[in-house]
Amino acid sequence: MGILDYANPTRVLRFSRAVKPWFLGLGLITLAVGLYGAFFTAPADYQQGETIRIMYLHVPMAWLAMMAYSMMALSAIGTLGFKHPMADVSAKALAPIGATFTAICLITGSLWGKPMWNTWWVWDARLTSVLILFLVYLGIIALWQAIEEPIKAGKVTAIITLVGAINLPIIKFSVDWWYTLHQPASVFRVDGPTIYPAMLYPLLICAVGFTLVFFYLHFAAMENELKRRRIRAMQMRAARRVAPEQTTLPQGSTA
Amino acid sequence: MSAFRALIARDVRLATRVGGGALTGTLFFLAVIVTIPFGVGPDLNLLSRIGPAIMWIGALLATLIGLERLFQSDKDDGALDLLRLTDSPVSNFVIAKVIAHWLGSSLPLVLVTPLLSLLLALEPRAILALTATLAVGTPALSFLGAVGAALAVTLRRGALLMAVIILPFSIPVLIFGVAATRAAIVDPDPFWPPFALLTATSLIYAVIGTLGAAATLKIGDG
Amino acid sequence: MSAFRALIARDVRLATRVGGGALTGTLFFLAVIVTIPFGVGPDLNLLSRIGPAIMWIGALLATLIGLERLFQSDKDDGALDLLRLTDSPVSNFVIAKVIAHWLGSSLPLVLVTPLLSLLLALEPRAILALTATLAVGTPALSFLGAVGAALAVTLRRGALLMAVIILPFSIPVLIFGVAATRAAIVDPDPFWPPFALLTATSLIYAVIGTLGAAATLKIGDG
Amino acid sequence: MKVCTVWVEARVKIKELALSRGERALVAGLSLTLVGGDAVALVGPNGSGKTSLLRVLAGLAEPTAGDLTVSMQGADADLPRNALVHLGGHQDGLKGALTVRDNLEFWIAYFGGAGLSISKALDQLGVGHLVDLPAAILSQGQKRRVALARLLVAPRPIWLLDEPTAALDTASTARFLTLVEAHRRAGGIVVAATHTSLDLSNLKTLDLGDYPAHRQDGEQTVKDAESYWLESEPL
Amino acid sequence: MKVCTVWVEARVKIKELALSRGERALVAGLSLTLVGGDAVALVGPNGSGKTSLLRVLAGLAEPTAGDLTVSMQGADADLPRNALVHLGGHQDGLKGALTVRDNLEFWIAYFGGAGLSISKALDQLGVGHLVDLPAAILSQGQKRRVALARLLVAPRPIWLLDEPTAALDTASTARFLTLVEAHRRAGGIVVAATHTSLDLSNLKTLDLGDYPAHRQDGEQTVKDAESYWLESEPL
Ligand code: HEM
Ligand SMILES: Nc1ncnc2c1ncn2[C@@H]1O[C@H](COP(=O)(O)OP(=O)(O)OP(=O)(O)O)[C@@H](O)[C@H]1O
Ligand SMILES: Nc1ncnc2c1ncn2[C@@H]1O[C@H](COP(=O)(O)OP(=O)(O)OP(=O)(O)O)[C@@H](O)[C@H]1O
Ligand SMILES: [Mg+2]
Ligand SMILES: [Mg+2]
C-alpha cells in the first residue's frame, strides 16, 4: 500500500485544482498565437491552396489521439503492475478525451480528403488504422460503463488497452509499410522536418496549445472521476448502514 | 396491461445500460460495416453498389445475435418461470419482450444507419430508402428471432443452432429490403412494390413469430 | 498433460453432438454464404470477385459467434472454478479450450469451404488459396475470440460486447487472408507475402490471446 | 390483482394425480385437498418428484392423469392457477444488474402489488439495508431472502416453495417461519418441498415416496410412455 | 497426482487473514490452523463471507492481507493449493449433455483418478443406478450426490464444501457424513460452510461473525478500497 500514499485522492485533487487553470490559460493563449499564425501569417500551399490550413487542426489532433492512447497504456501498466487505484482514474478519464480527439482527426481528415483526393473516405492503411483506434476507444469506453465494480473494471480495461496498443505502431508506420494515399511523416523524421518553417512553426505552436488544453481536460476529467468514486463509496457505505427500526429486529444479516 | 408495460420498461432499462444490447448492438453493426470493405477492397463504386446489402446483412446479424439471449437470461436466473405466473397468455409476454428488444436494440441501429451509410459512400436517396426499409423490416427479424430465442432456451442450445434455423426465414425480409433500397437508387424499377411486400412480411412474421415462440416456450423442459 | 488432452477430448465431444458448435457452425457459415448473393444480386462476375471476401467474413462471424460460449457454459454450471483447481497455469487451460474449439468448429468449416466456394463460382486456384488461408487464419480468430469469451464470463455480458471489442483486432487477419486469396487469383501480385503476414499474425495472436484470456479469467468475479 | 390480506376459501384439490418427466412416470394416484390455513411439507427422497409436482401445481407443466383444481372465492374466483400461486424455486429470479429495490418494484408492477411496502417486506426478512445494492453482489442467502420478500409485496393465496430454507441462516429461517404462519392465519395455503423439518403448527406431511410409479427395484408399476414402446412382442 | 489413500501431514494455516469483495473489506484478523483429521463447520450469518473464504482457500481468489498456506508432505509437497483441494460449491459442475459416467470419467482424467471406481463411488452415495442417464435430467439432489462422488474418484487431502447437505435427502446426508468421517480418518481435512448442524465427531466451529470488518451498524472498522476514495477532503 506504500505507493498509494503518494498519490492519494486528497493530494491529487489538491494538485489538480492548483495546476488546472494554468494549463487552460496558457493553452488558450498559445492556441490564439498558433491559430493566428496558421490563418494569417502562414502561406497557402502552392498546390493545396487554402485547404492546407486544416492541417493546423488535423495534425495536432492526430498526434494527441495517439498520445492519449499511449498514456492510457501507461496507466494500464500502473493498474496491472502496481495495482494503483489512481492509475484506473487516469485511464478512465483519458478514454473519452482520446476518443474525441480521434473523432476530430477523422473528421478534419475527411474534410481535407474531399478537396485533396476528392472523396471523403478511402480504405487505406493510415485512415483505417485510425478508424480502428477510434473503435478501440469506443470499445474501452463501453467496457468502463459495462462493469459495476470499479476494481474489476480497471483490471479488465487495462488488459484490453494493452492488447489494443499494437495499433499505435501500425498507425505511425502504416504510411511507410503500405502504399497509402496519405502522406508520410514530414515533421517527426530522423532526417529532420521537410515542411517550410513558415508552416512548421505555427503547426508546432498549435500542437503545444492543444496539448496544454488536453492536459487541462485530463485533470478536469480525473477530478470528476474522483468525485464519482467518492460518491459511489459513500452510497455503498450508506447502503449497508442498518436503519434504526431494523436494529430492533433479531440480527439476521451482516451489515 | 400494466404488467405488459412494466415488462417492457424493465427490459428497455436493462438493454439501455451500456453493455446491454443498445450501445453494443449499434457498435457491432458499425464493426461489421467497417470490416467488410477490407474484404471487398476499397473500391468505392463497388462498395456503394453492394452497400445496401451489406447494411442489411449487418442489421440482420446484429439483430439475431442480440436476440439469442431474449429469453435466455430470464431462464438462467429463474425469472422465466415466474413471468409465466399470470393470467395473461404467454403470447403477451412474448410480444412485450420483442417490443422491448426492438426499442432497446433495433431502433438505435436504425437511427445510426444514415451516419454509417456515409462510410459506404451511399447517396442521399439510397440512405433514405435504406433507413426506411430497416425501420419497417427489423421488427420482422425481431419476431423471427423470438422463435429462435425460444428454441434456444427450450433446447438448452447456443446462438448458432438458432441462427441456423432462423436465417433461412429471414432471407425474404432481406430480399425485399435490399430490393426496395436498390429500387430507390436505380430509378427504373419501382420502390413501392417491394416496400409493401416488406411491410406485409413484417406483419405476417409478427403473428407467426409470436405464436411460434409462445408455443415453444410452453413446452418448457418437459 | 493428460488433463490437457482430457479437456480437449471432452470439448470436442460436446461440440460434435448436434446443437454443439460443429454442425451449427458450418451451417451458419453456409447460411451467410447463401444470404449474401441475395443481397448483392445474382451477378456471377461480381460474386466471384467478392467471393473470397464473403467466405472470409462468413468464417469470421461464424468463429466469433461460436466462441462467445467458449467459457460461458463452464461458468454457468460451475465447472470453470473446478477446472482451475490444478497446478497447471490458467493459460494451459485456455490453450486447450481454444484448440478444442478450433478442432470442433473451425476445422469442419475449413473442410466444407471447397464445396461452398462452388456456390460463389470461384475457380480452382482461388478455392485452393481460400482453403489454405482459412486453415492458417482461423486459429488467429479463435485465440482472439478467447479474449472476448473470457470478457463475456468475467463481465456477465453477452456476445455483442465481446464482438465489439474483438472485431477491430480481427481486421488485419481479414485483410491478409483476403489479400492472399486475391493474389492467388490475379497473377501479378504475389501470394506469399500476405500469406506469410497471415501466419505471423496467427502466431502473435496465439500468444497475446492466450495471455489476455488467462489474465481476464483470473480476475474472475473477485 | 385485487387487494386482499385475507384469502376467502383458498383451495387446492388434487385427485388421482399422475406425474411424469420425459417418458417416465414418476408419481401416481396422488390425492390431496388443502384449504385455507393448511401447510404441507412435501417430503420424499431425491428424485421422487417434489419439484415436478410444484411446477404442475403452479401451472407450468400439466399432469399426465387425474384432476387438479386451484381456486379461491371472491374477485379472483375465475383466475387460472398460474395467477393464484407464488413459486419459490431453486433460483431466485433476480436481475443482477438491477438494485434490490428495482427488482421488487418490477415484480410489484408485474404481479400487481397491494402487499407490504418494499422496505417493510425487506425488513421482515432482515435485509432492509441491502435495498440499494445491485442484486449481483448479494450472497446466496441474501438473494434467497430478497426473493422471499417478493411473496410479501405481491400477495397471493398459495405459496409453492422448493427448499425455501436452503441457504438461509438460522435467524432468517425463524423469520421465514413466522411469515408462513402469518400467511396461514390470513387464510393462505403453503406447500413447501423440504428435506429438513420445518417447525410449523399442525403441519401436514405429504411423502411422495408413498405414491411411487415404480417398485423399489425400479420396475414401473404404472403404464407410461416408455411402456408403450415396450408393448411389442420380444424381438 | 500421486495415488494416496492416507494423507501425510495435510495442513491449512491461516494467519491474520483479511478478505474483501469488490471494494469492501469483509473479514479481518482471521487465524486458524487445521491438521489432518480436522473438520470445521464454517458458520455465520448470510453474507458474512463463508463462500468468499472457501474460494480464497481454494486459490480461486487472493486474500487482501495475512498469510495462508495449504500444504501436505510426500510426493505432492510442492503443489499449489489449487491442486490440493476439492471445492463443492452451490453449482455442481456437471455437463447436462453427458451421462453421469462420462462426467466422472472426465474429472478422473483431469484431476488424475486413483480413487474409488466410478460405480463404487456412486454406490457410496446411492446413485449407482443413474450412471448411464444424462446429467441434465437429474433432480437437484441427484446432481449434488453425483458431484460429491467426484471427491471419491479423484482423491485430494482437503475438502472445501459450501452447504454440501443442501438438497440432500436424510438418507444421503447420513451417507455423506460417513464419507466425511472416513476422509478424516485417512488424514484428510474438511471445511464445510453450513447453516444446519452436521453431526460429526469433535467438529470444530469457525463463526465468521466473530471476525467482522465492520460494526453492526455497517460502519467499516477496517480500511478498505472504499475508505481510499473517501480519504479526499469533502467536495
Ligand atoms: C480521415 C482521414 C485522415 C486520417 C484518419 C488521418 C490521420 C492522420 C494521422 C494519424 C496523422 C499523424 C501521423 C504521425 O504522427 O505520424 C496524420 C498526419 C498528417 N495528415 Fe492526416 N489523416 C487523414 C487525412 C489527411 C488528408 C486528406 C491530408 C492531406 C492531404 C492529411 C495530411 C496529413 C499531414 C500533412 C500530416 C502530418 C504528417 C507528419 O508531419 O507527420 N491527412 N494524419
Ligand atoms: N426429461 C426427463 N426424462 C426422464 N426422467 C426425468 C426427466 N427429467 C427429470 N427426470 C427424473 O424425474 C425426477 C425429477 O424429480 P424432481 O426434480 O421433481 O425431484 P425432486 O423430488 O425435486 O428431487 P430433489 O429432492 O433432488 O429436488 C428425477 O428422478 C429425474 O431423474
Ligand atoms: N462485488 C462486490 N462488492 C461489494 N460487496 C460484495 C461484492 N460481492 C459480494 N459482496 C458482499 O460480500 C458478501 C459475500 O459474502 P459470501 O457470498 O461469501 O457470503 P456467505 O457467507 O457465503 O453468505 P451465504 O450464507 O448467504 O452464502 C455479501 O455480503 C455480499 O453482499
Ligand atoms: Mg427438487
Ligand atoms: Mg455462500
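Throughout, a residue's number is its position along its own chain's written sequence, starting from 1. Labels are handed out in written order, letters beginning with A for the chains and numbers beginning with 1 for the ligands. For this predicted model, a pLDDT threshold of at least 70 governs which residues receive local features, and a threshold of 80 or more governs which side-chain atom pairs are given and counted, while totals over whole chains, interfaces and linings are taken from all residues. With hydrogens and water set aside, each side-chain value is computed from the structure's full complement of heavy atoms.

(A) Seen up close, the overall build of chain D. The helix and strand labels rest on DSSP assignments: H or I over at least four residues marks a helix, E over at least two residues marks a strand, and numbering proceeds from the N terminus. Assigned secondary structure in chain D consists of six helices and eight strands. Going from the N terminus to the C terminus, chain D shows its helices and strands as β-β-β-α-β-β-α-α-α-β-α-β-β-α. This radius of gyration counts C-alpha atoms alone. The globule rule is 2.2 Å times how many residues there are, raised to the power 0.38. Computed over C-alpha atoms, the radius of gyration of chain D comes to 19 Å, within 12% of the 18 Å expected from 2.2 N^0.38 for 235 residues, which places it in the range of a compact globule. Counting only C-alpha atoms, chain D reaches 65 × 40 × 30 Å along its principal axes. Each residue is assigned to one of three classes by its accessible area relative to the maximum for its type, calculated with a 1.4 Å probe on protein chains only: buried under 20%, partly exposed between the two thresholds, exposed over 50%. Counting only residues that meet the buried cut, chain D has 56% of its 235 residues in that class. Working rule for contacts: check all heavy atoms of both residues, and any pair within 4.5 Å makes them a contact. If you take every contact in chain D between residues at least 6 apart in sequence, the share linking residues at least 24 apart comes to 72%. Working definition of accessibility: Shrake-Rupley area with a 1.4 Å probe, residue cover restricted to the visible protein chains. Of the roughly 9500 Å² of accessible surface on chain D, 54% is carried by carbon and sulfur atoms. Of note, chain D has its 23 positive side-chain charges centred 6 Å away from the centre of its 26 negative side-chain charges. We treat Lys and Arg as the positive residues and Asp and Glu as the negative residues; His and chain ends play no part in the count. Note that the charge is assigned to NZ on lysines, CZ on arginines, CG on aspartates and CD on glutamates.

(B) Here's a closer look at the site of ligand 1. Residues and elements named next belong to chain A. Not every one of the 24 residues close to ligand 1 is listed here, only the nearest: His58, Trp63, Lys172, His182 and Ser186. Here His58 contributes a side-chain N or O atom positioned 2.8 Å from a nitrogen atom of ligand 1. Lys172 places a side-chain nitrogen or oxygen 2.7 Å from an oxygen atom of ligand 1. When residues of the shell around ligand 1 are assigned to their parent elements, the largest contribution, eight residues, is made by helix α3 (residues 85-117). Any residue with a heavy atom positioned within 4 Å of a molecule or strand is treated as near that molecule or strand. The term polar contact refers here to a pair of N or O atoms within 3.5 Å; inside protein, the definition further demands a hydrogen-donor-capable atom paired with an acceptor-capable atom, and it admits residues adjacent in sequence only when both atoms are side-chain atoms.

(C) Quick peek at a nonpolar patch on the surface. Residue and element names in this part refer to chain A. Only residues whose relative accessible area exceeds 30% and that take part in no salt bridge are eligible for patches, with like-charged residues grouped when within 9 Å of each other and nonpolar side chains (Val, Leu, Ile, Met, Phe, Trp, Tyr) grouped when within 5 Å. The working definition used for a salt bridge is a side-chain nitrogen of Lys or Arg within 4 Å of a carboxyl oxygen of Asp or Glu. Side chains of Trp22, Leu26, Ile29, Val33, Tyr201 and Ile205 sit close together on the surface and give an oily, nonpolar patch of about 650 Å² of accessible area. Among the elements of the structure, α1 (9-41) and α7 (197-240) are those that each provide at least two residues to the nonpolar patch. Considering each element in turn, the nonpolar patch owes the most residues, four residues, to α1. With respect to the element layout, Trp22 can be found in helix α1.

(D) Fine view of the pairing of strand β6 (residues 158-162) of chain E. Residues and elements named next belong to chain E. Burial analysis of β6 places five of its five residues in the buried class, the great majority of the element. Burial of the side chains of β6 extends over both faces: Ile158, Leu160 and Asp162 are buried on one face and Trp159 and Leu161 on the other. Two strands qualify as a pair provided that DSSP identifies no fewer than 2 bridges between them. Bridge analysis of strand β5 (residues 85-88) against β6 gives four bridges, and the strand direction is parallel. Counterpart to Leu87 in the pairing with β6 is Leu160. Relative to strand β7 (residues 189-193), β6 runs parallel, the two being bridged by five bridges. Within β7, the residue paired with Leu160 across the bridge is Val191. Crossover handedness is defined by viewing with both strands directed away from the observer: a clockwise path from the first strand over the helix to the second marks the crossover as right-handed. Regarding the hand of the β-α-β motif, the stretch spanning β6, helix α5 (residues 170-185) and β7 is right-handed.

(E) Inspection of unusual backbone geometry at higher detail. Residues and elements named next belong to chain D. A positive phi angle is found at Ala167, which is not glycine, with a value near 80 degrees. Here Ala167 is to be found in the loop between β6 (158-162) and α5 (170-185). What makes Ala167 buried here is its relative accessible area of 10%.

(F) Up close: the packing of aromatic side chains. Each pair of aromatic rings taken from Phe, Tyr and Trp, with Trp reduced to its six-membered ring, is defined by centres within 6.5 Å and is described as stacked if the planes are under 30 degrees apart, edge-to-face if over 60, and tilted in the remaining cases. With the rule as written, the count across this model stands at 22 aromatic pairs over all chains. Counting every residue linked through ring pairs, the aromatic cluster contains A:Phe15, A:Phe23, A:Phe101, A:Phe214, A:Phe215 and A:Phe219. Sitting over the face of the ring of E:Phe106, C:Arg10 holds its NZ or CZ atom 4.6 Å from the ring centroid. Directly above the aromatic system of D:Trp107 lies the positively charged group of D:Arg150, at a separation of 5.7 Å from the ring centroid. Look at NZ for Lys and CZ for Arg. If either is within 6 Å of the ring centre and within 35 degrees of the ring normal, a charge sits over the ring.

(G) Expanded view of the site of ligand 2. By nearness alone, 18 residues border ligand 2, and D:Lys50, D:Thr51, D:Ser52, E:Ser139 and E:Gly141 come closest of all. Residue neighbours of ligand 2 fall on chains D and E, so the site bridges chains. At 3.4 Å from an oxygen atom of ligand 2 is found a main-chain nitrogen or oxygen belonging to D:Ser48. A distance of 2.7 Å is found between an oxygen atom of ligand 2 and a side-chain nitrogen or oxygen belonging to E:Ser139. Summarising the interface, the protein chains cover 90% of the accessible area of ligand 2, which totals 640 Å² for the free molecule. Every element with two or more residues in the shell around ligand 2 is listed here: β2 (24-35) and α1 (50-57) of chain D together with α4 (140-153) of chain E. Three residue categories are used. Nonpolar comprises Ala, Val, Leu, Ile, Met, Phe, Trp, Tyr, Cys and Pro, charged comprises Asp, Glu, Lys and Arg, and polar comprises the others, including Gly. For the shell around ligand 2, the residue count by class is two nonpolar, 12 polar and four charged.

(H) Expanded view of the packing of helix α6 (residues 90-119) of chain C against helix α7 (residues 124-155) of chain C. Residues and elements named next belong to chain C. Only C-alpha atoms enter the line fits that serve as axes; for helices the fit covers just the stretch in contact. Angles between N-to-C directions range over 0 to 180 degrees. One way to put it is that α6 packs onto α7 with a least axis distance of 9 Å and a crossing angle of 155 degrees. Considering their axes alone, α6 and α7 lie roughly antiparallel with respect to each other. Crossing angle aside, the handedness with which α6 passes α7 is right-handed. Here Val94, Val98, His101, Trp102, Ser106, Val110, Thr113, Pro114, Ser117 and Leu118 of α6 come into contact with α7, specifically with Ile127, Leu130, Thr131, Leu134, Ala135, Thr138, Pro139, Ser142, Phe143 and Ala146. Residue classes in the contact of α6 with α7 are distributed as 13 nonpolar, seven polar and no charged. The scheme is simple: roughly parallel for angles under 35 degrees, roughly antiparallel for over 145, roughly perpendicular for 65 to 115, oblique for anything else. In this scheme the handedness of a crossing depends on how the near helix is turned from the far one: anticlockwise by less than a right angle means left-handed, clockwise means right-handed.

(I) Inspection of the sheet that holds strand β4 (residues 65-71) of chain E at higher detail. Residues and elements named next belong to chain E. Taken in spatial order, the three strands make up an open sheet running β2-β1-β4, and their pairing is antiparallel. Because the sheet does not close on itself, it has two edges, and the strands there are β2 (24-35) and β4. The sheet shows a mean angle of 25 degrees between the axes of neighbouring strands, direction not considered. As defined by bridge partners, strand β1 (residues 11-21) adjoins β2 across eight bridges and the pair is classed as antiparallel. Bridging across to β2, Arg21 finds its partner in Arg24.

(J) Representation of the side chain of C:Thr210 in the model. All names here are of chain C. Tracing the chain through its elements places Thr210 in helix α9 (residues 192-219). Overall, Thr210 belongs to the buried group, its relative accessible area being 8%. If sequence neighbours within four positions are ignored, Thr210 has contacts with Ser91, Val94, Ile95, Phe143 and Tyr205.

(K) Structural context of the nonpolar core. Each nonpolar core is a collection of buried residues, namely Ala, Val, Leu, Ile, Met, Phe, Trp, Tyr and Cys, held together in the definition by side-chain atoms within 4.5 Å. Counting residues in each nonpolar core, the largest one holds 228 residues, and the members touching the most others are C:Phe93 and C:Val94. The element contributing the most residues to this core is α7(C), with 15 residues. Discounting chain neighbours no more than four positions away, the residues touching C:Phe93 are C:Leu7, C:Phe71, C:Leu80, C:Leu83, C:Leu217 and E:Tyr110. Core analysis: the next-biggest nonpolar cluster, separate from the first, contains 100 residues, D:Leu26, D:Leu42, D:Leu68 and D:Leu208 among them.

(L) Structural context of the pattern of salt bridges. By the definition in use, this model includes 35 salt bridges over all chains. Taking the shortest distance from any N to any O, the salt bridge between C:Asp77 and E:Lys95 comes out at 2.6 Å. Residue C:Asp77 is found in the loop between α4 (69-76) and α5 (79-83), and its partner E:Lys95 is found in the loop between β5 and α2 (100-111); the two belong to separate chains. Residue D:Arg144 pairs with D:Asp92 through a salt bridge whose shortest N-O separation is 3.0 Å. Taken together, the residues D:Arg144 in helix α4 (residues 140-153) and D:Asp92 in the loop between β5 (85-88) and α2 (100-111) connect sequence positions 52 residues apart. Judged by its relative accessible area of 9%, D:Arg144 is buried. A relative accessible area of 12% places D:Asp92 in the buried class. Each of B:Arg10, B:Asp11, B:Asp74, B:Asp77, B:Lys97 and D:Lys95 takes part in one network of salt bridges that share partners.

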